[in-house]
Each structure stands twice: as structure tokens, then as C-alpha cells.
Amino acid sequence: MSNENANDTRKIRAAGVGFCCADVYESLDRFYPTGNGVDWGIHLARLGVDVSIVSVVGTDAYGELMKQALQKENINTAHLRTEPGETCKMMMDLKNGTDRVHLEEIEGVMGDYALTEEEIAFVKTHDYMHTDLFGNVLDHLEEFHDAGVRTVMDFSVFSRDPEYQCEKWFPYVDYVFFSCDEMEEEPLIEWMKKIYSYGPKIVTATRGEKGSLSFDGKNVYRYGIFPVKVVNTVGAG
């Protein structure tokens, strides 16, 4: 990357908004700050992007540890609010040493989380934001879209699930991501084209060991996987 491009990258402001939690592996005596927006933000921060996390943690030890871990990644935590109670936690374990297993969700302060007016105004100062179906942010997507914030959203495995009414939210998302490794490629591409028709700029489906597909309105792009030594399957698509 040239110095000029590096400087351009640092001018971008991005915010992970909504859901965050601590993945806790008691058997390993480890925890990791996570949530889709947090993971996205950490990768961008490592590329030099100005990243903020807008969410909530509790007054337990994990709340402060979450903030410290994110600050070490040069992430702005000024809007990572602290509320009385437990930090949202996913109690985790590894099956066969590598395959992550969710044991229990402790919702904690995330259960009652709602953006304040000041936080909404803060998010609007960013070029990009990331959220998902579980961050209590959905009702603000249209407002952020109208304010010109480009939204990246992960619909997980629920893009076709009527319970989540995803077609209601597609029009306000610029970059749609979802997981779908059970569909054959032809019907999957048709579903991606339908999502695109609602207004997103790019639609991407991750397919586990099958790689991923992206559609930009003209072309379908296919990308495979890199064989690696598996340490933990979190985030493996």
C-alpha cells in the first residue's frame, strides 16, 4: 500500500454498532471481545481505519476487560457504555480441540440496550457502520441510511427466515452478508439477486468450505478458501 493510499484509509471513519459480547472459554481460562461489529472493527483498525464501538458492557470484570482489549487495538471506546449488571457473555468450549461450541448465552445488559439520541448522532458522523439482527439497532437503519452512513450488515443464517423479516431491512443496507452453505449455487444466486433488487450495492453469501459468492448487480464473483491449520472455527464462514 502506498503512503497516499494509507493516508486515505485513515480518513475513513467506521463504527461497529449494537451487539457485543465476551466469548468466555472457562476450560481454557480465556476470553475474547467479540460480536460481528467488534470483529469487523478490529480488522479495520489493524488496517489503520478510525474505528469506534457503540454498544454496552456491564460493571463486572468482563466489561472493563472488554474495553481494555479494544483500546489495545486502537479502537475508540468512548461510546461503549457501561451499565449496572453483567456484560453479555457467550460461554464457549472447543469440541475436538478446534470446533467452537456455544454452551450458554448470558444476555446481561445487552438485553435492554437501546441507542441514545447522542449515540445516534455520533453514528451519523461515520462513513460506514456494521450491525446485525441482534444489536437492537434495526429500527434506526432507515435513519442511518438517510443520513448517508453506508451500512454493512450480517444476517447470519436468517436471511430467508420469516421470523426476522429481513426483506424489511434489505433496502437500508449497502453491503449484505449472510451465511448459506445448504443451498445449491443456482437457487442461491437467485436469492442473492432478489436481495440486490431491494437496494444493496453488494450481496455476499459465505458458504463454509465452499467459499463465498458476491453479486454486484452485474457479475457473480466466486472465491474459494485457503487450507489452514484450524485453531478455532469462530468466524470461519
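A brief report on the enclosed structure follows. (Residues numbered from 1 in each chain as written. Predicted model: local features only at pLDDT ≥ 70, side-chain atom pairs only at ≥ 80, totals over all residues. Heavy atoms only, no water.)

1. Points about helix α7 (residues 185-197)
Logical step 1: If you check α7, its first and last C-alpha atoms are 18 Å apart, about what 13 residues at 1.5 Å a residue would give, namely 18 Å.
Logical step 2: Residues of α7 that are buried include every one of Leu188, Ile189, Trp191, Met192 and Ile195, and no others. Buried residues along α7 cover an arc of 160° about the axis, so they all sit on one side. Away from its buried face, by an angle of more than 90 degrees, α7 presents the exposed residues Glu186 and Ser197.
Logical step 3: Buried residues belonging to α7 abut α6 (166-169), β10 (175-179), β11 (202-206), β12 (212-215) and β13 (220-223). (Helix = DSSP H or I, 4+ residues; strand = E, 2+ residues; numbered from the N terminus. Expected span 1.5 Å × (residues − 1). Buried < 20%, exposed > 50% of the residue type's maximum accessible area, 1.4 Å probe, protein only. Arc of directions from axis to C-beta. Contact = heavy atoms within 4.5 Å.)

2. With respect to the packing of aromatic side chains
Logical step 1: Scanning the model with the defined rule gives 11 aromatic pairs in all.
Logical step 2: Both rings, one in Phe134 and one in Phe158, keep their centres 5.8 Å apart while their planes meet at 80°; by these two values the pair is edge-to-face. Of the two residues, Phe134 sits in the loop between β8 (128-132) and α5 (141-146) while Phe158 sits in the loop between β9 (150-154) and α6, which places them 24 residues apart along the sequence.
Logical step 3: An aromatic cluster of at least three residues, connected via ring pairs, comprises Phe155, Phe170, Trp191 and Tyr198.
Logical step 4: The ring of Tyr128 has Arg150 sitting right over it, with the charged end atom 4.4 Å from the ring centre. (Phe/Tyr/Trp six-rings, centres within 6.5 Å; stacked < 30°, edge-to-face > 60°. Lys NZ or Arg CZ within 6 Å of the ring centre and 35° of its normal.)

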